[in-house]
Amino acid sequence: MSSQREHVVMLPSMAQGHLIPFLTLAMQIQHRNGFTITIANTPLNIHYLKNTISTTSNDSIQPSISLAELPFCSSDHCLPPDTENTESLSLEQFVSFCHASRTLQALSTALFLGSLRKKAE
């Protein structure tokens, strides 16, 4: 039997109010079950999460929670530069942002499939 731990891949919504709750959930899953966790999001949101993790007092969590960056260029979608979450968006920009987030589907799928392949090995 394999000694490999279960691996959970999480993709929180690109909204400031979703990132920390997902990180908290990831920490709880890791603590209770010992699972390896990967949280995937855009580079600026991952940077935000890295800063949050580095300020936590429990350093033992860091090796079990990985952060994966999904490339996203907001200006390719007629959004202001560095718009990687819903903070400070007008309603019109929010709609454009939601449509633009669909471009992350292929990258997210590849991340999920990669995780499944590693588990199968």
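The structure we're discussing is the one just above.
Residues numbered from 1 in each chain as written. Predicted model: local features only at pLDDT ≥ 70, side-chain atom pairs only at ≥ 80, totals over all residues. Heavy atoms only, no water.

1. Re the overall build of the chain
Secondary structure summary: the chain contains 4 helices and 3 strands in total. Ordered by position in the sequence, the α and β elements of the chain form the string β-α-β-α-β-α-α. Taken over 121 residues, the chain has a buried fraction of 33%. Taking the contacts inside the chain whose residues are at least 6 apart along the sequence as the reference set, 69% of them involve residues at least 24 apart. (Helix = DSSP H or I, 4+ residues; strand = E, 2+ residues; numbered from the N terminus. Buried < 20%, exposed > 50% of the residue type's maximum accessible area, 1.4 Å probe, protein only. Contact = heavy atoms within 4.5 Å.)

2. Focus on the packing of aromatic side chains
Any pair of aromatic rings gets described here by the distance separating the centres and the angle formed by the planes. A complete count under the given rule lists 1 aromatic pair for this structure. Taking 6.0 Å as the distance between ring centres and 80° as the angle between the ring planes, the aromatic pair formed by Phe72 and Phe97 counts as edge-to-face. Residue Phe72 is found in the loop between strand 3 (65-69) and helix 3 (91-100), and its partner Phe97 is found in helix 3; the two are separated by 25 residues along the sequence. The class for Phe97 is buried, based on a relative accessible area of 3%. (Phe/Tyr/Trp six-rings, centres within 6.5 Å; stacked < 30°, edge-to-face > 60°.)

3. Topic: the sheet that holds strand 3
Spatial strand order, 1-2-3: 3 strands in an open sheet with parallel pairing. Two strands close off the open sheet at either side, each with one partner strand: strand 1 (7-10) and strand 3. Across the sheet, the mean angle from the axis of one strand to that of its neighbour is 20°, orientation sign disregarded. Across 5 bridges, strand 2 (residues 36-41) lies against strand 3 in parallel orientation. Of the residues in strand 3, the one forming a bridge with Ile37 is Ile65. Helix 1 (residues 16-33) rests against strand 1, strand 2 and strand 3 of the sheet, and its axis sits at about 165° to strand 2. (Pairing = 2+ DSSP bridges. Axes fitted to C-alpha atoms, helices over the stretch in contact; angles between N-to-C directions.)

4. Observations concerning the nonpolar core
Ranked by size, the top nonpolar core spans 12 residues in total: Met10, Leu19, Leu23, Ala26, Met27, Ile29, Ile37, Ile39, Ile46, Leu49, Ile53 and Ile65. Of all elements in the fold, only helix 1, strand 2 and helix 2 (43-54) reach the threshold of two or more residues within this core. For this core, the leading source of residues is helix 1, giving 5 residues. Judged by nonpolar contacts, the second largest core, of 10 residues, contains Met14, Ala40, Phe72 and Leu104. (Core = buried A, V, L, I, M, F, W, Y, C linked by side-chain atoms within 4.5 Å.)

5. Here's the deal with unusual backbone geometry
A positive phi angle is found at Cys78, which is not glycine, with a value near 60°. Looking at the element boundaries, Cys78 is found in the loop between strand 3 and helix 3. The phi angle at Ser88 is positive, at roughly 65°, despite the residue not being glycine. Mapping Ser88 onto the fold places it in the loop between strand 3 and helix 3.

6. Examining a nonpolar patch on the surface
A cluster of nonpolar side chains, contributed by Leu91, Phe94 and Val95, occupies part of the molecular surface with about 290 Å² of accessible area. By the secondary structure assignment, Phe94 is in helix 3. (Patch = residues over 30% accessible without salt bridge, like charges linked within 9 Å, V, L, I, M, F, W, Y side chains within 5 Å. Areas by Shrake-Rupley, 256 points an atom, 1.4 Å probe, with all protein chains shown as cover. Salt bridge = Lys/Arg side-chain N within 4 Å of Asp/Glu carboxyl O.)

7. Details of helix 1
Helix length check: helix 1, at 18 residues, gives a terminal C-alpha distance of 26 Å against a target of 26 Å (1.5 Å per residue), a fit within 8%. For helix 1, the set of buried residues is Leu19, Leu23, Ala26, Met27, Ile29 and Gln30. For helix 1, the arc enclosing every buried residue in end-on projection is 165°, short of the 170-degree limit, so these residues lie on one face. Exposed residues on helix 1 whose side chains face more than 90 degrees from its buried face are Gly17, His31 and Arg32. Gly34 sits one or two positions beyond helix 1 and adopts a positive phi of about 75°. (Expected span 1.5 Å × (residues − 1). Arc of directions from axis to C-beta.)

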